[in-house]
Amino acid sequence: MGSELNGSRLREARRYRRLTITSLSKKIGVSKQMISRYERGTAEPGLDVFQQIIQALQFPINFFTGQNKFKYEDEGTYFRSRLTSTQSDKMPSETYKKAAGIIRDLFSEYIDFPELFQEDINSKAPRTAAIKLRQAWSLSDKPVKNVLHLLESHGIMVSLVNSGSEKIDAHSGYVDINQHRYYIVLVDSQSTTFFRQQFSLAHELGHFILHANSVDPQSLDNQEYRQLEKEADEFASEFLLPAQAFEQSIKTNLMDLNAYARLKNTWHVAASAMVYRARALRLLDSDQYLRLQKRISARGWRKEEAFDKIVAASKPQLLSESLTLLEKANILQARDLSDLLNTKYGIAFPTEILAQVIGIPMSRFKADIVQLKSHPNQTQ
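About the criteria used
- Residues numbered from 1 in each chain as written.
- Predicted model: local features only at pLDDT ≥ 70, side-chain atom pairs only at ≥ 80, totals over all residues.
- Heavy atoms only, no water.
- Helix = DSSP H or I, 4+ residues; strand = E, 2+ residues; numbered from the N terminus.
- Axes fitted to C-alpha atoms, helices over the stretch in contact; angles between N-to-C directions.
- Parallel < 35°, antiparallel > 145°, perpendicular 65-115°, else oblique.
- Contact = heavy atoms within 4.5 Å.
- Nonpolar A, V, L, I, M, F, W, Y, C, P; charged D, E, K, R; others polar.
- Patch = residues over 30% accessible without salt bridge, like charges linked within 9 Å, V, L, I, M, F, W, Y side chains within 5 Å.
- Areas by Shrake-Rupley, 256 points an atom, 1.4 Å probe, with all protein chains shown as cover.
- Salt bridge = Lys/Arg side-chain N within 4 Å of Asp/Glu carboxyl O.
- Expected span 1.5 Å × (residues − 1).
- Buried < 20%, exposed > 50% of the residue type's maximum accessible area, 1.4 Å probe, protein only.
- Arc of directions from axis to C-beta.
- Polar contact = N/O pair within 3.5 Å; in protein donor to acceptor, adjacent residues only side chain to side chain.
- Phe/Tyr/Trp six-rings, centres within 6.5 Å; stacked < 30°, edge-to-face > 60°.
- Lys NZ or Arg CZ within 6 Å of the ring centre and 35° of its normal.
- Pairing = 2+ DSSP bridges.

Quick word on unusual backbone geometry
If you check the backbone angles, Gln58 has positive phi at about 55 degrees while not being a glycine. In this fold, Gln58 is placed in the loop between α4 (47-57) and α5 (61-65). The phi dihedral of His268 falls on the positive side, at around 60 degrees, and the residue is not glycine.

Examining the packing of helix α1 (residues 7-16) against helix α3 (residues 32-40)
Interaxial distance between α1 and α3 falls to 6 Å at its minimum, and their mutual angle equals 120 degrees. When the axes of α1 and α3 are compared, the pair comes out oblique. Facing α1, whose interface residues are Gly7, Ser8, Leu10, Arg11 and Arg14, α3 presents Ile35, Tyr38 and Glu39. Its residues assigned to classes, the contact of α1 with α3 shows three nonpolar, two polar and three charged.

Concerning a nonpolar patch on the surface
There is a patch of nonpolar side chains on the surface, built from Phe307, Ile310 and Val311 and spanning about 280 Å² of accessible area. Here Ile310 lies in the loop between α15 (286-298) and α16 (318-328).

Quick notes on α15
Counted at 1.5 Å a residue, the expected span for α15 with its 13 residues is 18 Å, and the 18 Å between its end C-alpha atoms agrees. Of all the residues in α15, the buried ones are Leu292, Gln293 and Ile296. Along the long axis of α15, the arc covered by the buried residues comes to 105 degrees, so they all point the same way. Along α15, the residues that are exposed and aim more than 90 degrees away from the buried face are Asp287, Lys294 and Ala298. Contact partners of the buried residues in α15: α12 (257-262) and α14 (271-280). At the N-terminal end of α15, a side-chain oxygen is found 3.1 Å from the backbone nitrogen of Asp287, two or three residues along, and the residue is Asp285.

Quick notes on the packing of aromatic side chains
In the structure shown here, the tally under the stated rule is 17 aromatic pairs. Both rings, one in Phe63 and one in Phe64, keep their centres 5.7 Å apart while their planes meet at 90 degrees; by these two values the pair is edge-to-face. There is no split in this pair, since Phe63 and Phe64 are both buried. Where Tyr174 meets Phe208, the ring centres are 6.1 Å apart and the plane angle is 50 degrees; that geometry is what we call tilted. Taken together, the residues Tyr174 in strand β4 (residues 170-177) and Phe208 in helix α9 (residues 194-210) connect sequence positions 34 residues apart. The burial state of Tyr174 is the same as that of Phe208; both residues are buried. Among the aromatic side chains, those forming a connected cluster through ring pairs are Tyr16, Phe50, Phe59, Phe63, Phe64, Tyr96 and Phe349. A cation over an aromatic ring shows up here: Lys98 above the ring of Tyr72, its NZ or CZ 5.3 Å from the ring centre. In this structure, Lys344 packs its charged tip against the face of Tyr345, placed 5.7 Å from the ring centre.

A closer look at the pairing of strand β5 (residues 180-188)
Most of β5 is tucked away: seven of the nine residues are buried. Two strands pair when backbone bridges link them, and strand β3 (residues 157-161) and β5 are joined in this way by five bridges, in the parallel orientation. Across the sheet, Val161 pairs through a bridge with Asp188, a residue of β5. Bridge count between β4 and β5: eight bridges; the pairing is antiparallel. Across the sheet, the residue bridging to Ala170 is Val187, located in β5. Linkage of β4 to β5, two consecutive antiparallel strands, is achieved through a turn of two residues, within which Asn178 is found at a positive phi near 50 degrees.

Right, dumping it as structure tokens:
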């Protein structure tokens, strides 16, 4: 074989496809011991086996044979629903985060992105931190119409990706690429409505403000992680539904579930989140809260609430608009992106990953096969 297999890349592609060593070995017809040796770099597959690996995992050949030309560190990922998601559920996030960070790093050579928000909020108390951030971002006590675009405007990168799991709404964390630090939020594209997306993004914002600079999420036990998740939820509730203004909007209709649904148009948050917030503010006692929860279940609102379909989930803009600008300036074309990443960073991602991370259709990566002829009498 002309180029050696990069064992760590094989492992990454296998994990992205959510395959165990055993399941991959069955797909390509070699022993799991051999797969393990390929990944450790103590054995090399023959050409036939290598082709079967490429076919099974659907990654470019250059991904498997390349070597990193960049320094990379993943500082850990905060998973919403980590306590119920499996290791398999979380596997693709490693590759999505890396791809998002590398693309952002490449585009930064040409695009003037918003600076990442770095002001010290100086509070680890979730509600206080949310209030201070609202002040820093000049939000007063008004509703936040679009959390995704608010994050992007403060330098936080957001991508919609298919996590392949119903248990993961969102996850986030820092990556360092060539000593450039980026905070990346990945939201599942298949399991969220606009209103649920709002809370998921505010929850990840809570991790960014409260935990990301001081806590390694992978070092925590379940009880410690559960506490972090609780704090991120408290932050999100205060950030999206500031106490006094929210109370004023609901205080005369506390037991009317339809009133909460109507307020979705005001606060841009799910009715269930508002009911939870009312209980947290002690506007509802435990019996009232339980009655409302039973009504939510009876109406089938656990899966889909009233008015959910009226507003489409938000889509990130930073990377997709950046690519459009670069194409218009003839700096690069989408179809050349994978080769450019391979040349500059030593890593070639599948088109499906690039499309999801940037937020564009797969068709943007196809090369033009029909072009205008040059005509001898054509005016220059």
